[in-house]
Amino acid sequence: MLGVPDSTRALLFDMDGVLTKTAVVHAKAWQQAFDEFLASRGDPYEPFDPVVDYDEYVDGKPRADGVRSFLQARGIPFDEDLVRRIGDHKNDLVQELIRRDGVEAYQGSRQYLDAAVAAGLSRAVVSSSANTREVLVAAGLDGYFQAEVDGIVAAVRRLKGKPAPDTFLAAAKELGVEPSEAVVFEDALAGVEAGHAGKFGFVVGVDRVGQADALRRHGADHVVKDLADLL
């Protein structure tokens, strides 16, 4: 009924791009933060691409890891103070955009969550975002989950971010299931890598931007354009 193996006891969802239409918000904030930094250096520069650079370097990763990844790709020297300043500015921009424009959930994801509740499967959100609770509340999804492992929890517990599987493994443990009994839902390449690395029972790639083949190469067992496609 839910398009997952019969042995499944729990569902682990990424948030941005899987449940909520906030991936575009993050991409816009990253673009502004990085372009402002690049412009401040005073040299001609190639602007941050909100599709290619976002998918390759920052999507799904903890904020600081995303900053480091992009700067390394551009060959720009950095220290941790610079990483923190760019990351903090990006987070301020995200919060401003959320307050101004609100947050919308994907209707197909809401339908899938309703079906998961009806089926009696446990549910968790696993996101690198430090704004997970605010986004879920704004989107009206906060009542669906028994566990939330977000960027704040990861920092407190010192969990490695995606593509390491640590945050997904922590969510499975909170729900009282083995990884083999849980399904991971991810739209980020780093996220499907994490699901594959954690030896979860099934990894569903959610293709919102036309990267189905890349999701499969990085570890997705099945790829859909919307969670309702699984019903």
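Here the structure is a predicted model, which means the values were calculated and not measured.

Side note on the pairing of strand 4 (residues 182-186)
For a regular strand, the rule is simple: side chains alternate between the two faces of the sheet. When you tally the buried positions in strand 4, you get five out of five residues, the bulk of the element. Both faces of strand 4 are covered, namely the face carrying A182, V184 and E186 and the face carrying V183 and F185. Of the strand pairs in this sheet, strand 4 and strand 5 (residues 202-206) are connected by four bridges, and their pairing is parallel. Pairing of F185 across the sheet is with V204, part of strand 5. Read from strand 4 through helix 9 (residues 189-197) to strand 5, the crossover connection turns out right-handed.

Considering the nonpolar core
F13, L19, Y112, L141, F145, F185 and L227 are the most contacted members of the largest nonpolar core, which totals 36 residues. Of all the secondary-structure elements, those providing two or more residues to this core are strand 1 (10-13), helix 1 (23-40), helix 4 (80-101), helix 5 (107-119), helix 6 (132-139), strand 4 and strand 5. Among all residues touching L227, those that are not within four sequence positions of it are F13, V18, L19, G108, S109, Y112, F185 and V206.

With respect to the environment of G219
With respect to the secondary-structure elements, G219 resides in the loop between helix 10 (212-217) and strand 6 (222-224). Taking the C-alpha atoms as reference points, G219 and L189, 30 residues apart in sequence, are found 8.4 Å from one another. Beyond its immediate sequence surroundings of up to four residues, G219 is in contact with V192, H196 and V203.

Here we look at unusual backbone geometry
Look at the link from K162 to P163: it is a cis peptide, with omega at 20°. Take P163: it is sitting in the loop between helix 7 (151-157) and helix 8 (166-175). Residue R158 is not a glycine yet carries a positive backbone phi of 60°. Along the chain, R158 turns up in the loop between helix 7 and helix 8. With a relative accessible area of 77%, R158 lands in the exposed category.

What to know about the packing of aromatic side chains
Summed over the entire model, instances satisfying the criterion amount to eleven aromatic pairs. Ring centres 6.2 Å apart and planes at 70° place the aromatic pair Y57 and F70 in the edge-to-face group. Residue Y57 is located in helix 2 (residues 52-58), and its partner F70 is located in helix 3 (residues 63-73); the two are separated by 13 residues in the primary sequence. A residue is classified by how much of its surface remains accessible, and Y57, at 22% relative accessible area, is partly exposed. Three or more aromatic residues joined by ring pairs form one cluster here, namely F13, Y112, Y144, F145 and F185.

Section: the packing of helix 1 against helix 4
Helix 4 packs onto helix 1 with a crossing angle of 135° between their chain directions and a minimal axis gap of 9 Å. Classed by the angle they form, the pair helix 1 and helix 4 counts as oblique. Like other packed secondary-structure pairs, helix 1 and helix 4 cross with a definite hand, here right-handed. For the pair helix 1 and helix 4, contact is made by V25, H26, K28, A29, W30, Q32, A33, F34, E36 and F37 and by L82, I86, H89, K90, L93, V94, L97, I98 and R100, respectively.

Here's the deal with the pattern of salt bridges
Applying the stated rule across the entire model yields 17 salt bridges. Notably, a salt bridge pairs R100 with D101, separated by 3.0 Å at the nearest N-O pair. In this structure, R100 and D101 share a single accessibility class: exposed. A salt bridge links D207 to K225, with the shortest nitrogen-to-oxygen separation between them at 3.9 Å. Here the residue D207 occupies a position in the loop between strand 5 and helix 10, and K225 occupies one in the segment after strand 6, the gap between them amounting to 18 residues. Relative accessible area serves as the criterion here: at 5%, D207 is assigned to the buried category. Salt bridges here are not isolated pairs; linked through shared partners, they connect R63, D81, R84, R85 and D88.

The rules behind each value
- Numbering of residues starts from 1 in each chain and follows the order in which that chain's sequence is written.
- Local features in a predicted model are, by the rule used here, given only for residues with pLDDT of at least 70; side-chain atom pairs are given and counted only at 80 or more, and totals for whole chains, interfaces and linings are based on all residues.
- Side-chain measures were taken over the full set of non-hydrogen atoms in the model, leaving aside hydrogen atoms and water.
- Accessibility here uses a 1.4 Å probe with only protein chains present; expressed as a share of the type maximum, an area under 20% marks a residue as buried, one over 50% as exposed, and anything in between as partly exposed.
- Segments assigned H or I by DSSP are reported as helices when at least four residues long, segments assigned E as strands when at least two residues long, and all are numbered from the N terminus.
- In this description, strands pair whenever DSSP reports at least two bridges between them.
- When the strands point away from the viewer, a crossover counts as right-handed if the path from the first strand over the helix to the second runs clockwise.
- Grouping buried Ala, Val, Leu, Ile, Met, Phe, Trp, Tyr and Cys residues that are joined through side-chain atoms within 4.5 Å yields what is termed a nonpolar core.
- Pairs of residues are marked as contacts when any of their non-hydrogen atoms sit within 4.5 Å.
- Geometry of aromatic contacts follows a simple scheme: Phe, Tyr and Trp rings, the Trp one being its six-membered ring, pair when their centres are within 6.5 Å, and the pair is stacked under 30 degrees between planes, edge-to-face over 60, tilted otherwise.
- Lines fitted to C-alpha atoms define the axes here, with helix axes fitted over just the stretch in contact, and angles between the N-to-C directions of these axes take values from 0 to 180 degrees.
- Orientation is classified from the angle alone, with under 35 degrees giving roughly parallel, over 145 giving roughly antiparallel, 65 to 115 giving roughly perpendicular, and any other angle giving oblique.
- Handedness of a helix crossing follows the sense of rotation of the near helix relative to the far helix, less than a right angle counterclockwise being left-handed and clockwise being right-handed.
- The working definition used for a salt bridge is a side-chain nitrogen of Lys or Arg within 4 Å of a carboxyl oxygen of Asp or Glu.

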